[in-house]
Amino acid sequence: MRTDDLFREDATLLACDATVTAQVEGGVLLDRTVCYPLGGGQAGDTGWLGAGDRRWRVTDTRKSKEHPEAIVHLVDGELPPVGTAVRVEVDAARRDAHRRFHTATHLLCALLPYPVDGCSITEAYARLDFHTDQPFDKEAIQAGLNRLVAEAHPVGHRWITEDELDANPGLVRSMSVQPPRGLGRVRVLEVEGVDLQPCGGTHVSNTAEIGAVVVTKIEKKSAKTRRVVLGFAEPAAGRG
């Protein structure tokens with residue numbers, strides 16, 4: 001069983017039609033979805049499944065442990081039966097926050113040229129842990145983020161072969177999360193002129209869409225770890 005992951009090619013898709021293919025692991029598998037599953041430091045999407053006058057709340061989205069190419073949609077209450085045709089809808093405000101924060105972390109990687117040994121992207125904040133003992137200048141990082149957002153760099157993705165990735169090991173910045181292997185190709189996220197690295201997450205299409213992001217905290221987590229935490233200058237729901 002597998003799930004066609006529509007979000008890989010278009011992170012702006014917020015709804016699709018699908019069919020329930022199995023009930024597993026406290027949720028349902030679908031033949032296709034717009035919901036991103038927890039992974040790469042990014043939280044899973046929430047949302048809804050609808051069929052006629054029935055509506056189910058999707059409380060989380062995860063990669064299936066039983067079926068490596070399938071995605072589990074965790075659902076509140078009684079699960080929709082196998083074979084049910086459903087309308088899948090993503091929580092749009094939450095997805096918007098994830099997209100903005102995730103792209104902002106790529107800007108951080110461009111500003112701070114150190115290996116990444118931890119990452120968390122939620123709707124409330126994003127954080128990156130960098131493997132270094134060097135002190136960070138909060139004001140300089142903030143100024144760099146402001147500049148890269150204002151410069152409106154296009155953001156896009158492409159696919160490279162695993163052999164191409166092996167020939168360019170410097171593309172992998174993360175020490176804790178490695179690109180998935182065995183599919184023959186790897187998705188690469190490019191912030192034009194700024195950053196290029198493997199990434200399967202959801203992103204904005206231009207850095208200007210990130211909006212006002214702020215460095216809320218810089219912490220020394222250990223002798224060799226410096227943490228940078230990002231927040232929004234205003235809640236995602238307040239944008240307009």
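Everything below is about the structure shown above.
Residues numbered from 1 in each chain as written. Predicted model: local features only at pLDDT ≥ 70, side-chain atom pairs only at ≥ 80, totals over all residues. Heavy atoms only, no water.

Account for the overall build of the chain, naming residues and giving values.
Scanning the chain from N- to C-terminus turns up three helices and 15 strands. Rg of the C-alpha trace for the chain: 19 Å, near the compact-globule value of 18 Å for 240 residues, within the 12% margin. Each of the three principal axes of the chain carries a C-alpha extent, and together these read 55 × 45 × 35 Å. The contacts in the chain between residues at least 6 apart in sequence include a share of 67% that link residues at least 24 apart. When the accessible surface of the chain is summed, it comes to about 11,200 Å², and 50% of that surface belongs to carbon and sulfur atoms. Each charge sign in the chain was given a centre, from 29 positive and 34 negative side chains, and these centres are 5 Å apart. (Helix = DSSP H or I, 4+ residues; strand = E, 2+ residues; numbered from the N terminus. Rg over C-alpha atoms; globule rule 2.2 N^0.38 Å. Contact = heavy atoms within 4.5 Å. Areas by Shrake-Rupley, 256 points an atom, 1.4 Å probe, with all protein chains shown as cover. Lys, Arg positive; Asp, Glu negative; His and termini not counted. Charge placed at Lys NZ, Arg CZ, Asp CG, Glu CD.)

Help me get a handle on the sheet that holds strand E13 (residues 195–198), residues and values and all.
Read across the open sheet, the three strands follow the order E11-E12-E13; overall the sheet is antiparallel. Each edge of the sheet is formed by a strand with only one pairing partner; in this case those strands are strand E11 (155–161) and E13. Across this sheet, the average inter-strand angle for adjacent strands is 25°, counted without regard to direction. Sheet contacts for helix H1 (residues 92–111): E11, strand E12 (185–191) and E13; angle to E13, the most-contacted strand, approximately 115°. (Pairing = 2+ DSSP bridges. Axes fitted to C-alpha atoms, helices over the stretch in contact; angles between N-to-C directions.)

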